[in-house]
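Listed here are the chains, written in short residue letters.
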Amino acid sequence: MDSVTLIAVASIITAGITTGFGCMGPALGEGRAIASAMTSLAQQPDAASTITRTLFVGLAMIESTAIYTFVVSMILIFANPFWSHVTTNAGGG
Amino acid sequence: MHLSPDQLIYWQHGFIKINNTIVMTWVLMLVLVVGSWLITRRLVTNLQISRWQSMLEVVVTGINQQIKEVGLQQSEKYIGFIGTLFLFIAMAAFMSVLPDYEPPTGSLSTTAAMAICVFVAVPLFGIAEEGVKTYLAHYLQPSPFLLPFNIIEEFTRTLALAVRLFGNMMSGAMILAILLTITPLVFPVVMTVLGLLVGMVQAYIFSILAAVYIAAAIQAREHSNDKSKAETNKKPDH
């Protein structure tokens, strides 16, 4: 395999693994957060606005880790620096 | 398929490029500025107010209340900054009901610019509220050993703000583009609705996080205010 194929294969597989594994942790975390928020909502419906606001901010914080992995895999697929380095070198010389 | 609206270039001269992000940002700014100018041109205090004024009042009082709930009691000082962020991001997401529109927040340049605004505004508000010395003393809390971590946190949360908004908006547009090639009939509409919801939530989160950071920067003073308020509130009861 030449380096272009190698980089393509590595990038695509890594992108899939990145998003796949990167979504697991945040999904579990968000599930736990929502479950406990539901419990608190059921116990204290009066505090609904505070709980909901904190829940949203917390969810955004947790979710951002999943977003980071997604961005990394998108960079690997669409804007791969190694890929463009190799292809421009091949095109130039 | 392209990663961001930056790659759609309308006009180019040397290194100056007019791309889709810039055009859409200016269109949004025009819509927001002209819209609010048109509405606030004829404000009335009668019982009978126009529908647009009613909508604007709901939006402004809503933002005010949210800022107050975060802990910034003098919300009118901060609504100019936080409200602008919220309205811009919400409008950017909301306009995606129009065809051929790509949210400018789907470009890392826009979100990075807004995150840098927050990064600059937080110390400014903090210093304006409690002076340079007290504000800088926050970095030594709870112990001077944590100084590097406090400084790193400033940068990482700015990065997180930018990448979070960018990733959410970009993923919405990206998933839509992929779905259009697979199931072009009904499913993209459902995903557009989900994208609208995500856009609103992200606008809320971006502005609330900015408010939380500002509130943390001016925390000490607010706390002492709360204490004195609580004491003054207690006195009439007894």
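If you're wondering where the values come from, they're calculated on a predicted model, not measured in any experiment.

## Regarding the interface of chain B and chain A
Okay, step 1: On the chain A side, the residues contacting the 14 residues of chain B number twelve residues.
Okay, step 2: Of all the elements in the fold, those that place two or more residues in the side of chain B that touches chain A are α5 (147-182) and α6 (187-217) of chain B.
Okay, step 3: A class-by-class count of the residues in the side of chain B that touches chain A yields nine nonpolar, three polar and two charged.

## Here we look at the confidence of the model for chain A
Okay, step 1: Taken residue by residue, chain A gives an average pLDDT of 86. The fraction at 70 or more is 95%.
Okay, step 2: Across chain A, the secondary-structure element scoring lowest on mean pLDDT is helix α3 (residues 81-92) of chain A, at 77, and the one scoring highest is helix α1 (residues 3-43) of chain A, at 92.

## Details of the pairing of strand β2 (residues 16-19) of chain B
Residues in a regular strand point their side chains to alternate faces of the sheet.
Okay, step 1: Pairing analysis gives four bridges linking strand β1 (residues 9-13) of chain B to β2(B), with the strands arranged antiparallel. Bridge pairing links Gln12(B) to Lys17(B) in β2(B).

## Comments concerning helix α4 (residues 108-137) of chain B
For the α-helix, the turn length of 3.6 residues means that residues three or four positions removed from each other point alike.
Residue and element names in this part refer to chain B.
Okay, step 1: Along its 30 residues, α4 runs just 33 Å from first to last C-alpha, ending more than 12% under the 44 Å computed at 1.5 Å per residue.
Okay, step 2: Along α4, the sharpest change in direction is near 120° and occurs at glycine 131.
Okay, step 3: All of the buried residues along α4 are Leu108, Thr110, Thr111, Met114, Ala115, Val118, Val122, Phe125, Gly126 and Tyr135.
Okay, step 4: Residues of α4 that are buried make contact with α1 (20-41), α3 (75-94), α5 and α6.

## Some thoughts on the environment of Ala93(B)
Okay, step 1: Assignment of secondary structure puts Ala93(B) in helix α3.
Okay, step 2: Beyond its immediate sequence surroundings of up to four residues, Ala93(B) is in contact with Pro103(B), Leu196(B), Gly199(B), Met200(B) and Ala203(B).

## Things to note about the pairing of β1(B)
Okay, step 1: Counting buried residues along β1(B), only zero of its five residues qualify, which leaves the element largely exposed.
Okay, step 2: The turn linking β1(B) back onto β2(B) is made up of two residues, and Gly14(B) within it adopts a positive phi angle of 65°.

## So, the packing of α5(B) against α6(B)
All names here are of chain B.
Okay, step 1: Running from amino to carboxyl end, α5 crosses α6 at an angle of 175°, the nearest separation of the two axes being 10 Å. With respect to α6, the element α5 is oriented roughly antiparallel. Between α5 and α6, the contacting residues are Leu161, Leu165, Asn168, Met169, Gly172, Ile175, Leu176, Leu179 and Leu180 on the first element and Phe187, Pro188, Met191, Thr192, Gly195, Val198, Gly199, Gln202, Phe206 and Leu209 on the second.
Okay, step 2: The residue makeup of the contact of α5 with α6, split by class, is 13 nonpolar, six polar and no charged.

## So, the environment of Thr50(A)
All names here are of chain A.
Okay, step 1: Of note, threonine 50 is situated in helix α2 (residues 48-78).
Okay, step 2: Residue threonine 50 is classed as exposed on the basis of its 12 C-beta neighbours within 10 Å.
Okay, step 3: Remark: the alpha-carbon pair of threonine 50 and alanine 37, spanning 13 residues in sequence, is separated by 11 Å.

## Some details on the nonpolar core
One recurring pattern in soluble globular proteins is that nonpolar side chains are buried together.
Okay, step 1: Grouped together as the largest cluster of nonpolar side chains are 47 residues, with contacts concentrated most on Ile82(B), Ile89(B), Phe206(B), Ala210(B), Ala211(B) and Ile214(B).
Okay, step 2: Where this core is concerned, the elements lending two or more residues are α2 of chain A together with α1, α2 (51-70), α3, α4, α5 and α6 of chain B.
Okay, step 3: The element contributing the most residues to this core is α3(B), with eleven residues.
Okay, step 4: Excluding its chain neighbours within four sequence positions, the residues that come into contact with Ala210(B) are Ile82(B), Leu85(B) and Val118(B).

Quick notes on the rules
- Residues numbered from 1 in each chain as written.
- Chains lettered and ligands numbered in written order.
- Predicted model: local features only at pLDDT ≥ 70, side-chain atom pairs only at ≥ 80, totals over all residues.
- Contact = placed C-beta atoms within 7 Å.
- Helix = DSSP H or I, 4+ residues; strand = E, 2+ residues; numbered from the N terminus.
- Nonpolar A, V, L, I, M, F, W, Y, C, P; charged D, E, K, R; others polar.
- pLDDT = per-residue confidence, 0-100.
- Pairing = 2+ DSSP bridges.
- Expected span 1.5 Å × (residues − 1).
- Bend = angle between axes of the 7 residues up to and from the residue.
- Buried ≥ 20, exposed ≤ 12 C-beta atoms within 10 Å, placed from the backbone.
- Axes fitted to C-alpha atoms, helices over the stretch in contact; angles between N-to-C directions.
- Parallel < 35°, antiparallel > 145°, perpendicular 65-115°, else oblique.
- Core = buried A, V, L, I, M, F, W, Y, C linked by C-beta atoms within 7 Å.

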